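Listed below, chain by chain, are the residues.
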Amino acid sequence: MENFPSQARAVIIGGGIIGCSIAYHLGKLGWRDTLLIERHKLSSGSTFHAAGLVGQLRTSASITQLLGHSVALYNSLEAETGLATGWKMNGGLRLACNAWRWIELKRQATTARSFGLEMQLLTPYEARQLWPLMDISDLVGAAFLPTDGQISPSDITQSLAKGARMQGVRIIEDTAVLGIEITRGHVTAVLTEYGRIACEVVVNCAGQWAREVGQMAGVNVPLVSIQHQYLTTEAIPGIGRDLPTLRDPDRLTYYKEEVGGLVLGGYEPNPIPWAVNGIPEKFNFQQLQPDWEHFEPLMELAMARVPVLETTGIKELLNGPESFTPDGNFILGPAPEISGFFVGAGFNAFGIASGGGAGKVLAEWIVGGEAPFDVWPVDIRRFGPSHADVDWVRKRTLELYGKHYTLAWPNEEHQSGRPLRRSPLYDRLKAQGAVFGEKLGWERPNWFAGTGETARDEYSFGKPNWFDAVAREHRATREKVALFDQTSFAKFQLVGRDVEAALSWICANDVTKPVGSLVYTQMLNVRGGIECDLTIARIADDRYYIVTGTGFATHDFDWISRQIPAGLDAHLVDVTSANAVLALMGPDARRVLRKLTRDDVSNDGFPFARAHRLSIAGAPVLALRVTYVGELGWELHIPMEFAVTVYEALIQAGTDFGIVNAGYRAIETLRLEKGYRAWGSDIGPDHTPLEAGMGWAVKLKTDIPFLGREALMEQKKLPLQKSLCGFTVGDPAIILLGRETIFRDDQRVGWLSSGGYGHTLQQGIGYGYVCRSEGIDRKYLLAGSYELEVATERVPCKIQLAPAYDAKMERIRI
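All residue numbers refer to position in the chain's written sequence, counted from 1. Note on the predicted model: pLDDT of at least 70 is required for a residue's local features to be given, and 80 or more for side-chain atom pairs to be given and counted; whole-chain, interface and lining totals, by contrast, use all residues. Only hydrogens and water are set aside; all other atoms, that is, all heavy atoms of the structure, feed into the side-chain values.

*Asks:* Give me the lowdown on empty space enclosed by the protein, citing residues and values where you can.
*Replies:* Cavity and pocket criteria rest on a 1 Å grid covering protein atoms alone: a 1.4 Å probe that fits but cannot get out defines a cavity, protein on both sides within 12 Å along at least 5 of 7 lines defines an open pocket, and an atom within 4 Å of a point defines a lining residue. Grid points are joined across faces, edges and corners, and a volume is the space filled by probe spheres set on the points. Scanning all chains against the criterion turns up 2 cavities of 30 Å³ or more. What the largest cavity holds in volume is close to 60 Å³. Along the walls of the largest cavity sit Phe484, Gln486, Ala583, Met585, Val626, Thr627, Tyr628, Val629, Glu635 and Ile667, which together make up its complete lining. Residues were grouped as follows: Ala, Val, Leu, Ile, Met, Phe, Trp, Tyr, Cys and Pro as nonpolar; Asp, Glu, Lys and Arg as charged; and all remaining residues, including Gly, as polar. Among the residues making up the lining of the largest cavity, the classes are represented as 7 nonpolar, 2 polar and 1 charged. Roughly 40 Å³ of internal volume is contained in the second largest cavity. Of all the secondary structure elements, the ones that give two or more residues to the lining of the second largest cavity are β24 (442-448), β25 (482-485) and β35 (660-662). Taken together, the residues that form the lining of the second largest cavity break down as 9 nonpolar, 1 polar and 1 charged. Segments assigned H or I by DSSP are reported as helices when at least four residues long, segments assigned E as strands when at least two residues long, and all are numbered from the N terminus.

*Asks:* Before we move on, can you summarise the side chain of Glu370 with the specific residues and values?
*Replies:* Relative to the elements of secondary structure, Glu370 occurs in the loop between α8 (351-368) and α9 (390-402). N or O atoms closer than or at 3.5 Å make up a polar contact, with two conditions inside protein: a donor-capable atom paired with an acceptor-capable one, and, for residues adjacent in sequence, both atoms drawn from side chains. Polar contacts involving the side chain of Glu370 include one to the main-chain amide nitrogen of Val526, which spans 3.1 Å. Contacts between residues were defined by any pair of non-hydrogen atoms, one from each residue, lying within 4.5 Å. Once you skip the residues sitting within four places of it in the chain, Glu370 turns out to touch Glu364, Trp365, Asn525, Val526, Arg527 and Trp559.

*Asks:* So what's going on with helix α16 (residues 664-674)? Residues and values would help.
*Replies:* For α16, the tally of buried residues reaches 10 of 11 residues, placing the bulk of the element in the interior. Burial classification: accessible surface area is computed with a 1.4 Å probe over protein chains only, and a residue below 20% of its type maximum counts as buried, one above 50% as exposed, and the rest as partly exposed. For α16, the complete set of buried residues consists of Tyr664, Arg665, Ala666, Ile667, Thr669, Leu670, Arg671, Leu672, Glu673 and Lys674. Tucked inside the fold, the buried residues of α16 contact β24, α11 (467-479), β25, β38 (747-758) and β39 (763-776). Immediately beyond the C-terminal end of α16, within one or two residues, lies Gly675, with a positive phi of roughly 85°.

*Asks:* Please give an account of the pattern of salt bridges that cites residues and values.
*Replies:* The term salt bridge refers to a pairing of a side-chain nitrogen on Lys or Arg with a carboxyl oxygen on Asp or Glu at a separation within 4 Å. One pass over the structure, following the stated rule, counts 46 salt bridges. With a shortest N-O distance of 2.9 Å, Arg101 and Glu104 are connected by a salt bridge. Of this pair, Arg101 and Glu104 are both found in helix α3 (residues 99-114), 3 residues apart, which corresponds to roughly one turn of the helix. A residue is classified by how much of its surface remains accessible, and Glu104, at 6% relative accessible area, is buried. When the shortest N-O distance is used, the salt bridge between Arg538 and Glu500 registers 2.5 Å. Residue Arg538 is found in strand β28 (residues 530-540), and its partner Glu500 is found in helix α12 (residues 499-506); the two are separated by 38 residues along the sequence. For Arg538, a relative accessible area of 8% puts it in the buried group. By relative accessible area, Glu500 is classed as partly exposed at 31%.

*Asks:* Go over the layout of surface pockets with me, naming the residues and quoting the values.
*Replies:* Computed from the structure, the second largest pocket encloses a volume of approximately 850 Å³. Lining the second largest pocket are 46 residues, with Glu38, Arg39, Ala206, Gly207 and Trp209 positioned closest to its centre. When residues of the lining of the second largest pocket are traced back to their parent elements, those giving at least two are α1 (17-28), β9 (177-183), α6 (210-216), β20 (322-324), β22 (341-345) and α8. Classifying every residue of the lining of the second largest pocket by side-chain character gives 21 nonpolar, 18 polar and 7 charged.

*Asks:* Tell me about the packing of α1 against α8, and please be specific about residues and values.
*Replies:* Contact pair α1 / α8: the axes reach a minimum separation of 8 Å and the direction vectors enclose 40°. Here α1 lies oblique to α8, going by the angle between them. Along this stretch, α1 crosses α8, giving a crossing that reads as right-handed. On the side of α1, the interface is formed by Ile17, Ile18, Ser21, Ile22, His25 and Leu26, while α8 contributes Gly351, Ile352, Gly355, Gly356, Gly359, Lys360, Leu362, Ala363, Ile366 and Val367. With axes taken as lines fitted to C-alpha atoms, and helix axes fitted only over the stretch in contact, angles between N-to-C directions fall between 0 and 180 degrees. In these notes the angle categories are as follows: under 35 degrees is roughly parallel, over 145 is roughly antiparallel, 65 to 115 is roughly perpendicular, and the rest is oblique. Should the near helix be turned anticlockwise from the far one by less than a right angle, the crossing is left-handed, and should it be turned clockwise, the crossing is right-handed.

*Asks:* Please provide a residue-by-residue account of the packing of helix α2 (residues 61-81) against α8, values included.
*Replies:* Taken N-terminus to C-terminus, the directions of α2 and α8 make an angle of 100°; their axes are 7 Å apart at the nearest point. Regarding the angle of α2 to α8, the classification is roughly perpendicular. Where α2 approaches α8, its residues Leu66, Leu67, His69, Ser70, Leu73 and Tyr74 are matched on the opposing element by Ile352, Ala353, Ser354, Gly355, Gly356, Gly357, Ala358, Lys360 and Val361. Here the residues of the contact of α2 with α8 are counted per class, giving 8 nonpolar, 6 polar and 1 charged.

*Asks:* Please give an account of the side chain of Arg381 that cites residues and values.
*Replies:* Positionally, Arg381 belongs in the loop between α8 and α9. Judged by relative accessible area, Arg381 falls into the buried class, the value being 7%. Reaching out from Arg381, the side chain makes a polar contact with the side chain of Asp558 at a distance of 3.1 Å. In contact with Arg381, not counting residues within four places along its chain, are Pro334, Pro336, Trp365, Trp376, Thr554, His555 and Asp558.

*Asks:* Lay out unusual backbone geometry with the relevant residues and their values.
*Replies:* Each neighbour pair has its own omega, and for Arg418 with Pro419 the value is -10°, a cis peptide bond. Relative to the elements of secondary structure, Pro419 occurs in the loop between α9 and α10 (426-431). You will see that Asp174, though not glycine, has its phi angle at about 55°, which is positive. By relative accessible area, Asp174 is classed as partly exposed at 31%. The phi dihedral of Ala791 falls on the positive side, at around 50°, and the residue is not glycine. Tracing the sequence through the fold places Ala791 in the loop between β40 (786-790) and β41 (793-800). For Ala791, a relative accessible area of 13% translates into the label buried.

*Asks:* How would you sum up the pairing of strand β17 (residues 261-266)? Please name residues and give values.
*Replies:* A large share of β17 lies buried, amounting to 6 of its 6 residues. At least two bridges found by DSSP between two strands is the condition for calling them paired. Where strand β14 (residues 229-233) and β17 come together, 3 bridges link them in antiparallel fashion. Note on β17: the bridge partner recorded for Tyr230 is Gly265. Direction of pairing for strand β16 (residues 253-258) relative to β17: antiparallel, over a ladder of 6 bridges. The residue bridging Thr253 from the neighbouring strand is Gly266, located in β17. Hairpin connection from β16 to β17: 2 residues lie between these consecutive antiparallel strands, with Val259 at a positive phi of about 50°.

*Asks:* Give a detailed account of the sheet that holds β20, specifying residues and quantitative values.
*Replies:* Across the sheet, which stays open at both edges, the 3 strands sit in the order β18-β13-β20 with antiparallel pairing between neighbours. What marks the edges here is a single partner per strand, and that holds for β18 (273-274) and β20. Note that strand β13 (residues 224-226) and β18 share 2 bridges and pair antiparallel. Along β18, the bridge assignment pairs Ser225 with Trp274. Packed onto the sheet, α9 meets β13, β18 and β20 and runs at close to 40° relative to β13.

*Asks:* Could you give an account of the packing of aromatic side chains, with specific residues and numbers?
*Replies:* Planes of paired rings set the category: under 30 degrees apart is stacked, over 60 is edge-to-face and the rest tilted, where pairs are Phe, Tyr or Trp rings (Trp by its six-membered ring) whose centres lie within 6.5 Å. Counting across every chain of the model gives 26 aromatic pairs. Considering the side-chain rings of Tyr426 and Phe436, the 4.5 Å spacing of their centres and the 35° angle between planes classify their relative orientation as tilted. Placement of the pair is Tyr426 in helix α10 and Phe436 in strand β23 (residues 434-439), with a sequence separation of 10 residues. When sorted by exposure, Tyr426 lands in the same class as Phe436, which is buried. Taken together, Tyr254, Tyr267, Phe324, Tyr401 and Tyr405 form an aromatic cluster joined through their ring pairs. Two conditions define a charge sitting above a ring: the NZ of Lys or the CZ of Arg must be within 6 Å of the ring centre, and it must be within 35 degrees of the ring normal. Seen from the ring of Trp466, Arg665 lies directly overhead, with NZ or CZ sitting 3.8 Å from the centre. Between the NZ or CZ atom of Arg744 and the centre of the ring of Tyr780, over which it lies, the distance is 3.7 Å.

Listed below in structure tokens is the structure:
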């Protein structure tokens with residue numbers, strides 16, 4: 001190839017909408033020495049056959065924000081490039097055909113309002129005014145989002161490509177990538193059929209081929225291909241160009257107008273995987289054979305909704321495979337395995353809606369070194385070891401595809417590919433009524449069914465079937481003693497001569513403590529946002545033991561590893577599988593422990609925030625005096641082979657004190673009462689410790705430098721613009737789930753980041769940030785009158801600036 005480049009600052013692999021969007025945004029940010037390589041032609045993978053619906057609302061505020069960036073770009077791109085995109089903001093309708101779906105829609109409407117979108121709730125008659133073709137005999141109601149729309153996938157891709165070229169980005173088609181060159185853990189070149197391209201950054205936007213491209217660099221991209229079908233009809237009299245898009249989840253179907261007819265697609269409960277043994281060579285601008293038999297059940301459901309389809313001609317049934325992921329969210333961000341390799345792939349058939357925003361976010365991430373805002377739900381570092389097995393990924397992904405239009409129940413668990421990672425206590429706990437959930441492959445006891453109770457989840461938007469069981473576990477923890485199996489905790493050791501210096505830079509709290517100290521700390525980004533939230537025990541002069549949440553194992557390991565200053569002797573080792581963890585919690589925890597060890601576990605001998613090695617029932621145990629439930633307790637970190645022995649000893653010793661097994665759903669209700677924060681909801685990269693009310697855990701009063709310090713010092717000079725507050729609702733019938741809108745004096749000021757029920761207080765509890773651009777202080781917060789919007793209904797609430805529940809100190813010291 002004439003004038004084939006030998007170097008570029010960044011090389012993007014894949015010329016679908018995501019690759020072209022990233023190229024466009026990198027060019028806008030000044031990275032003009034960017035090269036996009038496409039194996040065939042732009043949009044020839046799955047972009048060209050996408051349906052092109054653009055919806056915005058998601059359960060995450062940040063992902064909704066990202067999709068809003070797409071809409072903003074699509075509103076202006078045609079004027080910028082001169083190329084038509086087919087964008088039209090015709091709005092989106094979503095239907096409800098039963099009471100549960102109507103509750104879901106009402107909660108979605110409240111979520112939309114929380115995130116700054118106006119979703120209108122409509123009667124069946126009002127919905128038919130917007131979409132006259134449909135039968136409404138089974139409708140309960142509908143929701144309409146006026147700013148949703150649709151677009152031509154191929155046209156928007158070409159427009160983004162032209163915009164990228166206008167910024168100096170080069171695009172080369174008909175060029176296959178053969179390999180990725182890596183030197184000392186960093187990307188150095190892309191190897192193509194026409195030669196080597198030296199580069200600093202590689203961006204994998206290869207769509208269905210992204211897993212294969214990732215493997216070239218030793219990077220796992222957990223996605224698989226699934227067949228997805230939709231048909232296009234002949235023109236239908238009376239259809240206007242501005243007909244809204246329509247989603248009918250109870251009938252598993254979606255619709256949009258196209259050239260005076262309809263596009264009709266859906267998500268069947270029995271999806272068909274594709275390319276199980278690899279994608280065929282030269283599969284571009286191709287479709288699969290239509291599968292009419294498989295599509296027929298969707299067609300029957302659609303004809304009942306849109307009767308005119310019975311007499312309307314069909315142009316074609318299109319069967320185009322697309323990439324899907326095991327949790328239904330797309331994949332974005334820097335690969336944890338190597339440096340300089342980024343991924344934007346696995347868009348689960350909403351790549352067109354996400355394309356503009358995802359390209360903007362990933363481009364800013366590449367240029368700035370951090371995501372511009374919290375995108376944890378789509379961060380590639382949310383995955384773990386199980387996601388390296390493509391067969392496991394396919395099982396879970398097929399389940400998620402089949403649930404695309406099912407009700408999104410609170411606390412819903414998935415069933416495929418289980419059990420996978422099990423604590424040594426799994427069988428014993430299951431025999432005692434444990435109902436397990438799963439996180440990062442780990443089976444974790446969520447709750448324990450009692451006599452006469454069904455040991456399985458029965459979901460509800462009201463009080464679920466585990467409500468009473470969790471209340472028992474909650475009360476036992478508050479009043480007696482409970483034992484929690486938390487073996488799934490991610491556990492690391494940082495070892496080396498310079499571990500103290502390394503952690504002093506990475507941690508916001510002071511870890512320059514003697515051996516035996518236990519420190520709760522955050523790790524911050526340069527903006528002062530909270531990247532990690534964990535506990536650290538100093539177990540030797542040259543060794544720290546780090547404990548973090550199950551789901552954050554990959555993320556936190558990657559963050560810590562990348563922040564260790566160059567030249568320091570400090571090495572991070574994952575020891576998660578070495579130790580089981582039993583958390584003994586409650587006012588009688590010390591009495592139980594005393595029966596099993598000769599070591600001093602008195603408050604003076606083993607005070608709070610200490611880590612001691614104990615001998616319990618013949619087992620060596622690292623005991624951490626810490627609590628996430630607001631009661632006296634210890635986390636007991638036990639070598640795996642001793643876990644059963646210690647568990648049996650604790651249960652026997654605790655019999656006289658009424659000890660019970662307890663699960664993660666009780667932990668959640670207990671921590672809500674105590675006001676403990678949860679990373680991923682209450683705190684994260686967009687929240688500083690000062691805003692989250694955790695300034696006490698930051699070493700600003702010392703002269704020790706740490707990552708994020710300058711941002712916090714600047715923030716302290718001005719009034720905070722947001723503050724995390726607690727809210728309680730007196731009516732026990734009100735169910736808080738998170739994302740409920742917060743109103744202060746009738747003005748929207750935020751939304752709940754988390755919510756639940758406090759069984760000690762016997763009322764709903766939620767946490768959320770109250771926001772005010774002019775600044776916030778305690779006086780302002782307490783002067784207001786507050787309400788929460790729950791499923792579109794306003795309910796009074798009380799603001800709580802201190803924990804709603806606090807154990808008396810004498811209970812902890814006894």
